[in-house]
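Commentary on secondary and tertiary structure
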Amino acid sequence: MDKLGKILIIDDNEDVLFALNLLLEPYAEKIKVTTQPERIEHFINTFNPDILLLDMNFSKDASSGQEGFYWLEKILKIDPEAIVIFMTAYSDTVNAVKAIKCGATDYVSKPWQKERLLGTLSSAMKLKKSRTEITVLKQQVASLTDSDRKSTTEIIGSSDAMQDIFETIQKLSETDTNILILGENGTGKDLIAKAIYRNSLRKNAVFIEIDMGSIPENLFESELFGYEKGAFTDARKEKSGRMEIATGGTLFLDEIGNLSLAMQAKLLTAIEKKKISKLGSTRDIDIDVRLICATNTDLYAMVEEGHFRQDLLYRLNTIEIHLPPLRDRGNDIILLAKHFLEKYSRKYKKQISGLGRDAQKKLMQYAWPGNVRELQHAIERAVILSDNRQILHAENFMLKPPHTERKIENDNLNLGQIEKNTIEKALKRSNGNISRAAQLLGITRYSLYRKLEKDNDTTQL
Ligand SMILES: Nc1ncnc2c1ncn2[C@@H]1O[C@H](COP(=O)(O)OP(=O)(O)OP(=O)(O)O)[C@@H](O)[C@H]1O
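What you see is a predicted model; the values in this text were computed from it and never measured. (Residues numbered from 1 in each chain as written. Predicted model: local features only at pLDDT ≥ 70, side-chain atom pairs only at ≥ 80, totals over all residues. Heavy atoms only, no water.)

One way to put it is that helix α3 (residues 66-78) packs onto helix α4 (residues 93-101) with a least axis distance of 11 Å and a crossing angle of 10 degrees. It follows that α3 is roughly parallel to α4 by the angle criterion. α4 is crossed by α3, and the crossing has right-handed handedness. Together, Q66, F69 and L72 of α3 and N95, K98 and A99 of α4 make up the contact between the two elements. The residue makeup of the contact of α3 with α4, split by class, is 3 nonpolar, 2 polar and 1 charged. (Axes fitted to C-alpha atoms, helices over the stretch in contact; angles between N-to-C directions. Helix = DSSP H or I, 4+ residues; strand = E, 2+ residues; numbered from the N terminus. Parallel < 35°, antiparallel > 145°, perpendicular 65-115°, else oblique. Left-handed = near helix turned anticlockwise from the far one by under 90°. Contact = heavy atoms within 4.5 Å. Nonpolar A, V, L, I, M, F, W, Y, C, P; charged D, E, K, R; others polar.)

Quick look at the structure:
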């Protein structure tokens with residue numbers, strides 16, 4: 001028999017509570033008992049029972065069962081999905097049937113027969129599990145329709161480097177290995193992750209995405225693993241984590257370099273054991289996810305500096321895909337530019353048919369620090385600002401001048417300036433990734449934000 005989960009027993013008779021506790025202890029994950037039905041809400045919030053065994057009468061000499069109905073209604077108001085089993089007097093079938101009509105899952109008669117009681121509880125536990133599965137499935141369906149809505153963007157690239165990547169995606173289509181995508185900002189990591197998913201064995205299952213760069217660090221754990229009701233002050237309802245929702249499908253962890261060491265340890269355990277437990281719960285949930293991770297930070301350097309676990313890296317990078325920066329993709333720059341030109345001419349209803357030679361030369365010579373995303377924006381801007389002319393020329397593209405690093409003078413002893421220069425260096429080395437830059441500087445993300453804000457204020461004065 002499967003474990004019965006967490007059971008809350010409510011009965012005014014202490015002997016009944018004692019006997020039931022003794023009988024069910026070997027089968028249940030945990031049992032709590034109370035003689036006071038007023039405490040049910042407290043137990044629901046703090047203990048989160050899977051099954052509630054509820055007596056029908058509490059006051060002395062009461063036998064109508066009305067109290068039981070009153071508490072049943074209260075319970076279902078707090079949690080409409082609660083599994084409540086009524087305990088009725090042996091001959092009281094009328095109230096038993098009425099209880100089921102009012103939302104109780106089942107009833108057991110007192111005195112109970114051990115086998116019958118265990119059978120009822122076991123079916124109730126199965127119902128509880130399938131209700132939980134339905135909640136997860138509902139969330140999966142929501143995210144499936146969501147990923148369907150994400151239109152499939154065509155990936156442009158005929159450079160050798162991009163052709164190699166397309167070939168790798170094809171080769172990967174029959175495997176289920178974890179994949180790590182590395183590349184600068186805006187090189188198309190997100191696009192490649194979705195292409196891998198669409199070509200994978202799991203293409204008909206969910207694709208769940210988490211951007212670790214945009215989630216506050218203290219929410220990583222609850223996002224990934226979910227939480228039980230009452231696990232923390234705001235946890236009013238139980239919530240499934242993204243790993244549970246992604247089960248059967250693919251989980252895309254973007255900006256994986258932002259994970260704290262503590263979270264890295266938890267993720268590693270989850271990957272190794274293929275199990276997670278929600279915050280505030282001790283119960284294991286089986287997970288089966290294909291992981292695709294991406295980052296623009298140098299994870300190997302992070303490993304050397306002790307900021308990223310090597311064992312986790314080896315779990316994530318069974319296959320590594322390196323997306324080259326746009327400046328190294330040769331003629332792809334022009335292919336992409338023409339692709340975006342067509343897209344935005346259509347969008348803004350402009351009659352623009354091409355790029356002049358001078359424009360092409362300018363685009364080819366530029367370094368594209370923001371890669372494809374920057375090119376896309378440059379073309380969009382040029383199309384919006386153009387006068388419906390046939391050909392775009394060099395002057396239509398206002399590209400940023402190459403970034404010149406301010407030299408730190410060796411004899412500059414101004415502490416404020418030295419700090420500013422060091423922050424700039426850290427941000428540059430981490431490609432603008434705040435968490436990573438903060439790690440390099442040995443301060444928290446919050447302190448770095450404070451310092452950046454302070455710098456901004458002083459610059460604006
Ligand atoms: N090869 C490509 N063909 C067509 N569009 C592309 C290509 N590569 C990137 N893009 C487009 O460029 C934009 C940036 O791509 P994407 O978000 O995938 O980059 P990223 O590497 O994940 O960025 P970040 O590092 O900021 O997370 C998107 O609009 C994407 O559709």
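Here the chain is described as being made up of domain 1 (6-129), domain 2 (150-322), domain 3 (326-396) and domain 4 (415-460). Here the C-alpha centroids of domain 1 and domain 4 sit 58 Å apart. (Domains from an automatic or database assignment.)

Its place among the elements puts T88 in strand β4 (residues 84-89). Apart from the residues within four sequence positions on either side, T88 is in contact with M56, A96, Y107, V108, S109 and K110.

The strands that make up a sheet are held in pairs by hydrogen bonds between backbone atoms, and each pair lies either parallel or antiparallel. If you walk across this open sheet you meet the 5 strands as β7-β10-β13-β6-β14, and the pairing is parallel. Looking at which strands have only one partner, the edges of the open sheet turn out to be β7 (207-211) and β14 (319-322). On average, adjacent strands in this sheet sit at an angle of 15 degrees to one another, irrespective of strand direction. Taken together, the 4 bridges between strand β6 (residues 179-182) and β14 define a ladder with parallel strand orientation. Looking at the pairing, L180 lines up with E320 of β14. Helix-sheet contacts for helix α6 (residues 160-172) involve β6, β13 (290-295) and β14, and the interaxial angle to β14 is about 155 degrees. (Pairing = 2+ DSSP bridges.)

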